[in-house]
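# Notes for the structure review
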Amino acid sequence: ETGVTQTPRHLVMGMTNKKSLKCEQHLGHNAMYWYKQSAKKPLELMFVYNFKEQTENNSVPSRFSPECPNSSHLFLHLHTLQPEDSALYLCASSQGAQGARQPQHFGDGTRLSIL
Amino acid sequence: QKEVEQNSGPLSVPEGAIASLNCTYSDRVSQSFFWYRQYSGKSPELIMSIYSNGDKEDGRFTAQLNKASQYVSLLIRDSQPSDSATYLCAVRRTGGYQKVTFGTGTKLQVIP
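Read on for an overview of the structure. (Residues numbered from 1 in each chain as written. Chains lettered and ligands numbered in written order. Predicted model: local features only at pLDDT ≥ 70, side-chain atom pairs only at ≥ 80, totals over all residues. Heavy atoms only, no water.)

Tallying secondary structure elements over chain B gives zero helices and eleven strands in all. Reading chain B from its N end, one meets helices and strands in the order β-β-β-β-β-β-β-β-β-β-β. Along the three orthogonal principal directions, the C-alpha set of chain B runs to about 45 × 30 × 25 Å. Across the 112 residues in chain B, those meeting the buried criterion constitute 44%. A separation threshold of at least 6 residues defines the contact pool for chain B, and within that pool the share at least 24 residues apart is 54%. When the accessible surface of chain B is totalled, it reaches about 5200 Å², and 46% of it is carbon and sulfur. Positive and negative side-chain charges of chain B, numbering 12 and 10 respectively, have mean locations separated by a distance of 7 Å. (Helix = DSSP H or I, 4+ residues; strand = E, 2+ residues; numbered from the N terminus. Buried < 20%, exposed > 50% of the residue type's maximum accessible area, 1.4 Å probe, protein only. Contact = heavy atoms within 4.5 Å. Areas by Shrake-Rupley, 256 points an atom, 1.4 Å probe, with all protein chains shown as cover. Lys, Arg positive; Asp, Glu negative; His and termini not counted. Charge placed at Lys NZ, Arg CZ, Asp CG, Glu CD.)

Here the focus is unusual backbone geometry. Put simply, Thr7(A) and Pro8(A) share a cis peptide bond, and its omega is -10°. Here Pro8(A) lies in the loop between strand 1 (4-7) and strand 2 (10-13). Residue Pro10(B) follows Gly9(B) across a cis peptide bond; omega there is 10°. Structurally, the position occupied by Pro10(B) is in the loop between strand 1 (4-5) and strand 2 (11-14).

By definition, the strands of a sheet pair up through backbone hydrogen bonds, in either a parallel or an antiparallel sense. Residues and elements named next belong to chain B. Read from one edge to the other, the open sheet built from five strands follows the order 1-3-8-7-6, with strand pairing classed as antiparallel. Looking at the sheet topology across the chains shown, the edges are occupied by strand 1 and strand 6 (54-58). Pairing of strand 7 (residues 61-66) with strand 8 (residues 71-76), which is carried by six bridges, proceeds in the antiparallel orientation. Among the inter-strand pairings, Ala-63 is bridged to a residue of strand 8, identified as Leu-74. (Pairing = 2+ DSSP bridges.)

This part covers the nonpolar core. Among the nonpolar cores identified, the biggest contains 23 residues, and Trp35(B), Val72(B), Leu74(B), Ile76(B) and Tyr87(B) are the most heavily contacted of them. The contact partners of Leu74(B), leaving out residues within four places of it in the chain, are Ala19(B), Ser20(B), Leu21(B), Trp35(B), Ile47(B), Met48(B), Phe61(B), Thr62(B), Ala63(B) and Tyr87(B). Formed by 22 residues, the second largest nonpolar core is a distinct cluster that contains Val60(A), Phe64(A), Leu81(A) and Ala87(A). (Core = buried A, V, L, I, M, F, W, Y, C linked by side-chain atoms within 4.5 Å.)

Below you can see the structure in the form of structure tokens.
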């Protein structure tokens, strides 16, 4: 069991649907991250939040919309997705986004399939 | 050139042997290096971190860092079938809100 919880674990949606992924961390961390993991590709950083402020948007299409209401919760709102968006979406947290020695702790991910 | 490069494998080793996993990186200002283990269908789990040149040991795991050669490795002694997983190398640079860059991972298979 990890200190970072993601729901749902699996999600199948059509291209016209709107859904949200949720992440909650119980580690007292101040930074949270969204990553995309596709087969045979490295983990791709999507967004970084530090103390609820977005500090990085790694050129992510606007059909992905993050929300961070507090340091413990992170959402990824999805709308009008494409088949190539099918992947494992991982949430991570760390003590802070600054400080090179702070490792990230990952949730179990949401396996997203776009029909 | 990929920012963080790993051989995708699979790397097959017999049970009890030493598994050696390698990673090279391109950004010379990288400061922190992490090894994550990821079982199929699971999230990455941090197993080692290293920040200074040399070796760092933790149980059966040893991380080795050579900043001059931009090379980091992970040795797993007395490999067990439960070590079979994909091992991700991650590199973090200095300054600002540092981005962590991951390699594609090396799949390790420990044969009983």
